[in-house]
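One-letter residues, chain by chain:
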Amino acid sequence: MTESVVTVAKVNEIPVGQFKSVQVQGKNLLVCHIQEGFYVVDDTCTHDDGPLADGWLEGRAIECPRHGARFDVKTGKVLCLPAAIPIHAYSVQVDGDEVKVDIGGLGK
């Protein structure tokens, strides 16, 4: 395992349909647990820099509470305006009871 892979949560602390905000190297991330597994994305809406952690998760979509922009937590793709720029989605692995994210290139 490389040094860029860090533990961001325990599997049992985030139920399906929920998420947890974490900070890694000064960057706010969301660890999302959906039916298909765990995914990690930036916790900042690309529309107005608002925190997505104040919003809600429905299926694969995280919705920003400010203006309703939505993003796919698996890919970071924009699902609904007013956002036009995707959020970053990170590579995730589950190792035993730990959720780990590859933060290589974080902040680029």
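If you're wondering where the values come from, they're calculated on a predicted model, not measured in any experiment.

Trainee: With reference to specific residues and values, describe the pattern of salt bridges.
Mentor: Enumeration over the complete set of coordinates arrives at 8 salt bridges. Measuring nitrogen to oxygen at the nearest pair gives 4.0 Å for the salt bridge that ties K10 to D97. On the criterion of sequence distance, the pair formed by K10 in strand β1 (residues 5-10) and D97 in the loop between β10 (92-95) and β11 (98-102) is long-range, its members being 87 residues apart. You can call D97 partly exposed: its relative accessible area is 45%. For E13, the salt bridge identified is with K20, shortest N-O distance 3.0 Å. Of the residues examined, E13 reaches a relative accessible area of 38% and is grouped as partly exposed. One continuous salt-bridge network, built from bridges that share partners, spans K10, D95, D97, E98 and K100.

Trainee: Can you explain the sheet that holds strand β8 (residues 78-80)? Please cite residues and give values.
Mentor: A sheet is described by the order of its strands in space; here 4 strands give the open sequence β5-β6-β7-β8, paired in antiparallel fashion. In this open sheet, the two edge strands, each paired with only one partner strand, are β5 (56-58) and β8. Sheet twist, expressed as the mean angle between neighbouring strand axes with direction ignored, is 30°. Sheet analysis places strand β7 (residues 70-72) next to β8, joined by 2 bridges and oriented antiparallel.

Trainee: Could you give an account of the pairing of β10, with specific residues and numbers?
Mentor: On a regular strand, each side chain points to the face opposite its neighbour's, so the side chains alternate between the two faces of the sheet. Note: β10 against β11, 4 bridges, orientation antiparallel. Residue pairing for β11: V94 is matched across the bridge by V99. Here β10 folds back onto β11 in antiparallel fashion, the turn holding 2 residues, of which G96 has a positive phi close to 65°.

Trainee: Now, about the state of the cysteines: what can you tell me, with residues and values included?
Mentor: Tallied over the full model, the rule gives 0 disulfides. In this structure C45 is a free cysteine whose sulfur lies 4.0 Å from that of C64, the closest cysteine sulfur available. For C45, a relative accessible area of 1% translates into the label buried. Note on C64: relative accessible area 2%, which makes it buried.

What counts as what
Residues numbered from 1 in each chain as written. Predicted model: local features only at pLDDT ≥ 70, side-chain atom pairs only at ≥ 80, totals over all residues. Heavy atoms only, no water. Salt bridge = Lys/Arg side-chain N within 4 Å of Asp/Glu carboxyl O. Helix = DSSP H or I, 4+ residues; strand = E, 2+ residues; numbered from the N terminus. Buried < 20%, exposed > 50% of the residue type's maximum accessible area, 1.4 Å probe, protein only. Pairing = 2+ DSSP bridges. Axes fitted to C-alpha atoms, helices over the stretch in contact; angles between N-to-C directions. Disulfide = S-S within 2.5 Å.

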